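These are the residues of each chain, in order.
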Amino acid sequence: MKTSSKTKPPSDLRLQVFLAQAGVASRRKAEGLIQEGRVAVDGQVVTQMGSKVDPDRQRVTVDGRPVEIAPETVYYLFHKPRKVLSTLHDPRGRPALKDYLDRAGIRERVFPVGRLDWDAEGLILMTNDGPLAQVLQHPRFQVPKTYRVKVEGLPTLQALNRLKTGLPLPGGKEHRADVERIKTGTDRTWLLITVWEGEKHQVKKMCAAVGHPVLTIKRVALGPLELGRLPQGEFRPLTAREIAALRKLAPPHLFP
Ligand code: URA
């Protein structure tokens, strides 16, 4: 159950095919490198065309430099339940993401992109794609994060407008949000709140600053990704379309 952007080669590849897949050279040029005696497998120079290599077990070098095929990139969407840490492990033994990865049989070394509070639930993207993760987390790229939030009380239009126009938070920076009221109870209100920075406790701090502390918070979207009906505690691989949409958020030189 995974979507990958690169195809992992089967073991036992012809050497020139392996070199081409690793991006060293075209297959024809790789044959040239082999004939010139510049390629070694486990320290032995190989000049015989058609020699096989098992990239999982053998070490290939060109001009003495190791050649590797990057691990395939994988992307999962996870619905974090409340009372689960959004880190892989917890030294204090509280439930954390690795418990769920193991339960789902996901063996790739994925890590979470961004964080959610212990008492928050919702969408967490998990991937081994470092460059994309950096883009998604960097405030410069202003990736929207949307939360369904239950707050205490009945915020006035004025309070909601303060969230929309921006308010300074502890630390000095001003933050603004898109806000939509979705439901009103007798002494509770449900809001859809979008922010762009992803600072620690940002939504809770903003709501508290206008006098309406957060009671529950659930991330329902991250950029083009939506949580939808994914059950709590479960993963699903991103679709190719979702991966392409995420990559569009990055500067073109990263994902040409
Ligand atoms: N804002 C918060 O206050 N908490 C979260 O977990 C995410 C955003």
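Residues numbered from 1 in each chain as written. Predicted model: local features only at pLDDT ≥ 70, side-chain atom pairs only at ≥ 80, totals over all residues. Heavy atoms only, no water.

**Q** So what exactly am I meant to see when it comes to the overall build of the protein chain here?
**A** Counting its regular elements, the protein chain contains seven helices and 17 strands. Taken along its principal axes, the extent of the C-alpha atoms in the protein chain is 80 × 35 × 30 Å. Counting every position in the protein chain, which comprises 256 residues, the buried fraction comes to 42%. Accessible surface, the protein chain: about 14,300 Å² in total, of which carbon and sulfur atoms supply 49%. Charge separation in the protein chain, taken as the distance between the mean sites of 43 positive and 27 negative side-chain charges, equals 3 Å. (Helix = DSSP H or I, 4+ residues; strand = E, 2+ residues; numbered from the N terminus. Buried < 20%, exposed > 50% of the residue type's maximum accessible area, 1.4 Å probe, protein only. Areas by Shrake-Rupley, 256 points an atom, 1.4 Å probe, with all protein chains shown as cover. Lys, Arg positive; Asp, Glu negative; His and termini not counted. Charge placed at Lys NZ, Arg CZ, Asp CG, Glu CD.)

**Q** Would you mind showing me how to read the domain arrangement of the protein chain here?
**A** Note on interface size: it is often stated as the accessible area lost on association of the parts. Segmentation of the protein chain into domains returns domain 1 (13-67), domain 2 (71-141 + 230-256) and domain 3 (144-222). Using C-alpha coordinates to define each centre, domain 1 is positioned 35 Å away from domain 2. (Domains from an automatic or database assignment.)

**Q** How should the site of the ligand be read in this particular structure?
**A** Neighbouring the ligand are the residues Leu116, Asp117, Ala120, Tyr147, His201, Gln202, Val203, Lys204 and Ile217. Contacts to the ligand include Asp117, whose backbone N or O atom sits 2.8 Å from an oxygen atom. Here a nitrogen atom of the ligand and a backbone polar atom of Val203 are 3.2 Å apart. Contact with the protein chains covers 96% of the free accessible surface of the ligand, which is 230 Å². Take the shell around the ligand: its biggest share by element is three residues, from helix α6 (residues 202-209). For the shell around the ligand, a count of residues per class yields five nonpolar, two polar and two charged. Three or more residues apiece are contributed to the shell around the ligand by two domains, here domain 2 (71-141 + 230-256) and domain 3 (144-222). (Near = heavy atom within 4 Å. Polar contact = N/O pair within 3.5 Å; in protein donor to acceptor, adjacent residues only side chain to side chain. Nonpolar A, V, L, I, M, F, W, Y, C, P; charged D, E, K, R; others polar.)

**Q** What am I meant to see in the packing of aromatic side chains here?
**A** Both the distance between ring centres and the angle between the ring planes are used here to describe each pair of aromatic rings. Under the defined criterion, the tally for this structure stands at three aromatic pairs. Between Phe78 and Tyr100, the ring centres sit 5.3 Å apart and the planes meet at 55°, which makes this aromatic pair tilted. Of this pair, Phe78 sits in strand β7 (residues 75-80) while Tyr100 sits in helix α3 (residues 97-104), placing them 22 residues apart in sequence. The buried category is assigned to Phe78, whose relative accessible area is 0%. On the basis of relative accessibility, which here comes to 14%, the residue Tyr100 falls in the buried class. Relative to Phe235, the ring of Phe78 lies with its centre 4.4 Å away and its plane at 25°, an arrangement referred to as stacked. Of the two residues, Phe78 is situated in strand β7 and Phe235 in strand β17 (residues 235-237); the sequence distance between them amounts to 157 residues. We note that Phe78, like Phe235, is buried. In textbook terms, an aromatic cluster arises when at least three aromatic residues are bridged by ring pairs, as seen for Tyr76, Phe78, Tyr100 and Phe235. It is Arg94 that lies over the ring of Trp118; its NZ or CZ is 5.4 Å from the centre. (Phe/Tyr/Trp six-rings, centres within 6.5 Å; stacked < 30°, edge-to-face > 60°. Lys NZ or Arg CZ within 6 Å of the ring centre and 35° of its normal.)

**Q** What exactly am I supposed to notice about the nonpolar core here?
**A** A general feature of soluble globular proteins is that nonpolar side chains tend to end up buried together. Counting 33 residues, the largest nonpolar core has Val149, Ile193, Val203 and Phe235 as its most contacted members. At the level of secondary structure, the elements contributing two or more residues to this core comprise β7, α3, β9 (121-127), β10 (145-152), α5 (157-165), β14 (188-195), α6 and β15 (214-222). Formed jointly, this core draws a minimum of three residues from each of two domains, domain 2 (71-141 + 230-256) and domain 3 (144-222). (Core = buried A, V, L, I, M, F, W, Y, C linked by side-chain atoms within 4.5 Å.)

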